[in-house]
Amino acid sequence: MDDPEPITLSPEAEAEEEPLITNLDIFLFSLMAGLLIYWFFSRRTPQDVPQMKPIPSVVTPMRETSFIEKMKKTGRNIVVFYGSQTGTAEAFATQLAKDAQRYGMKGMPADPEEYDMSELPRLTEIPNSLAVFCMATYGEGDPTDNAQDFYDWMQAADDNLEGVNFSVFGLGNKTYEHFNAMGKLVDKKLVELGAKRVFDLGLGDDDSNLEEDFVSWKELFWPAVCEFFGVEATGEDCCVRQFELVNHSDINMNQVFTGEMSRLRSYQTQRPPFDSKNPFLATVTANRKLNKGGVRHLMHLELDISASKLRYDAGDHVAVYPTNDVALVNRLGELLAVDLNTVISLNNLDEESNKKHPFPCPSSYRTALTHYLDITSPPRTNVLYELAQYASDPRDQDMMRKMASSSAEGKALYQSWVLAPQRHILAVLEDIHSLRPAVDHLCELLPRLQARYYSIASSAKIHPTSVHICAVLVEYATSTGRTNMGVATTWLKNMVPTGNGHPASVPLYVRKSQFRLPFKASTPVVMIGPGTGIAPFMGFLQERAWQKEQGKEVGETVLYYGCRYRNEDFLYQEELEEFERLGVLTQLNVAFSRDQEHKIYVQDLMKENKEHLWKLIHSQNAHLYVCGDARNMARDVQSAFHQAAEEVGGLSHTQAIDYFKRLMTKGRYSQDVWS
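Residues numbered from 1 in each chain as written. Predicted model: local features only at pLDDT ≥ 70, side-chain atom pairs only at ≥ 80, totals over all residues. Heavy atoms only, no water.

Looking at the packing of aromatic side chains
Summed over the entire model, instances satisfying the criterion amount to 32 aromatic pairs. Taking the centre distance of 5.1 Å and the plane angle of 80° together, the rings of Phe540 and Tyr625 count as edge-to-face. Within this pair, whereas Phe540 is found in helix α16 (residues 535–549), its partner Tyr625 is found in strand β22 (residues 623–629), the two being separated by 85 residues in sequence. As far as burial versus exposure is concerned, Phe540 and Tyr625 are alike and both buried. Every member of this aromatic cluster is reached through a ring pair, and the members are Phe92, Tyr103, Phe169, Phe199, Phe214, Trp217, Phe221 and Trp222. Across the ring face of Trp417, the terminal group of Arg423 is positioned such that the distance to the ring centre comes to 3.9 Å. Lys461 extends its terminal NZ or CZ atom over the ring of Trp546, reaching a point 5.5 Å from the ring centre. (Phe/Tyr/Trp six-rings, centres within 6.5 Å; stacked < 30°, edge-to-face > 60°. Helix = DSSP H or I, 4+ residues; strand = E, 2+ residues; numbered from the N terminus. Buried < 20%, exposed > 50% of the residue type's maximum accessible area, 1.4 Å probe, protein only. Lys NZ or Arg CZ within 6 Å of the ring centre and 35° of its normal.)

Here it is in structure tokens:
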């Protein structure tokens, strides 16, 4: 540091005698004394200062991403991975992990999205270990959302899996072109990488009886595992609780979930990005009935997403989170003699598990049964088995356990008593009078209420701040005399815009799809969508109209639409006829199936126009789109395409099939279908 500049004194000042204590000395002394006093008091611990109690954190703790280390730490030797879109594969995986203890083993279900799947080769570090994969196939042969990263890894993997033992159960639907594609891929790839298949690939078919397929596979799977590892069944009962009940008699209600998917109070303070764990609460701005008559209720809803920053393309899906009917929830509370407003937590007894609760906790029984749990689907066999212990009549216990067995008689009874009459859990409790389970155990066993996906019926080019939904109310009578109502469509029907300051709101997020218009607007398109299958094509037509307004050359746009009666359920009739008048829709073909004595469907009109269809497909490289029922319509439409190729194009039947398979591979033949 530089020396300070010297102070120059006047001759008079220099001649004066300096005082003993200067002002500078006084200042320095005061400063030192102040510092001493500050040090003395600051080193003492403050007393009697009121301490604020910290608010309990709802932030998820850091998760272990190594399933190998977790297995070692918890003594597990079986890991059951699941690729699940609706919760069924996860439920099967949980069952298998639980069953392991019957054979002196310890299993854990695992979400591949939460772990580093490249660690699979390390499974050999755990003696007598086994990896089981319960893999659902979504859409047209795609992996489920939570298995996408695992799928990408599998596609590129060249690891050596020698010494790794595995088995696969696939969940699929035979009405789809790529039946059980994900299960087959995982099984095939693991063998190619050198892993050892312990038991045959299981292929569950949701078009038939997925539950029965799984039970049958499982009954043969465990004996094969026992033989492979040289172990025997211990006979230990697997009706062991996975979660413990904690009642909250005195809790700050701001710390209680009220329907949020993941983050507490996320519906009060919305923060992007919005996805499956953090849906956006969209206001319903329109809800109108589409059909002019008949007993059905078809509806068009418009949902405001202007504040969400969500983006979508024509052909994408919107996922909505519905709630169960209040009357069903109240009736459950009445039958089980429970105060539905009781606030509880169900805490996992396995402290190392990533799944701390079966649904967001703490919450009230009312919230759990309204927002989080599926109370309208037929209960699975494992649920019946575990609930049987609560039946006070031994005959009821025997019947429930028989339905959960793998015997032919048990399967037939489950089919005739549960599946055929579509008995949900409330119907089961009403019809088995001695069955009154503990409500917390019931909440542990019921599957999660899943989001419902709808093809977006609008284009963001025209409606950037809203998504449109087209849906039909699901309502049917059962053989027990009950009327079952669809969860989501009943809930959506009641979502009517209000002007009272309490808007009807729908939790939602956008799921991207491969169902896309061609990149070039000049490419012809052929769209086939009867009933509510018209939904994505309303978005396509809006987009083609927008392209035309922008001065782009728009190719031929052909629509095959079907409904029952022209004057009853011709959905979007005015809009479609306007698109036709403007030249956006170059050909509107409508099949009214019941306006005449013999039924006419979209495939019949396609056959009538086979020459024009083949010209568009083969000569003009048209893109083909099918939306609607997978079980019958999509197959019949495909047959109509094959017929055009054979009769007009001169192809053999085998060649026609291969031709359209190649179109699918190239992305020129897209399907958005459901069963």
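Moving on from the coordinates now.
Some points on the side chain of Arg544
Along the chain, Arg544 turns up in helix α16. Salt bridges are absent for the buried Arg544, whose nearest opposite-charge side chain, Glu543, sits at 8.7 Å. Side-chain polar atoms of Arg544 contact the backbone oxygen of Glu556, separated by 3.4 Å. (Lys, Arg positive; Asp, Glu negative; His and termini not counted. Salt bridge = Lys/Arg side-chain N within 4 Å of Asp/Glu carboxyl O. Polar contact = N/O pair within 3.5 Å; in protein donor to acceptor, adjacent residues only side chain to side chain.)

A closer look at the pairing of strand β10 (residues 298–304)
Burial of β10 is extensive: five of the seven residues sit out of reach of the surface. Direction of pairing for β10 relative to strand β15 (residues 466–472): antiparallel, over a ladder of seven bridges. Each residue of the ladder has a partner; that of His300, found in β15, is Cys470. (Pairing = 2+ DSSP bridges.)

Overview of the sheet that holds strand β20 (residues 557–563)
Across the sheet, five strands lie side by side as β21-β20-β19-β22-β23; this open sheet has parallel pairing. Each having just a single partner strand, β21 (587–592) and β23 (669–674) make up the two edges of the open sheet. Direction aside, the axes of adjacent strands within the sheet are offset by 10° on average. As judged from the six bridges shared by β20 and β21, these two strands associate in the parallel manner. Of the residues in β21, the one forming a bridge with Cys563 is Phe592. Strands β19 (525–528), β20, β21 and β22 of the sheet are contacted by helix α20 (residues 610–619), whose axis makes an angle of about 135° with β20. (Axes fitted to C-alpha atoms, helices over the stretch in contact; angles between N-to-C directions. Contact = heavy atoms within 4.5 Å.)

Worth remembering: the numbers are spatial, not functional.
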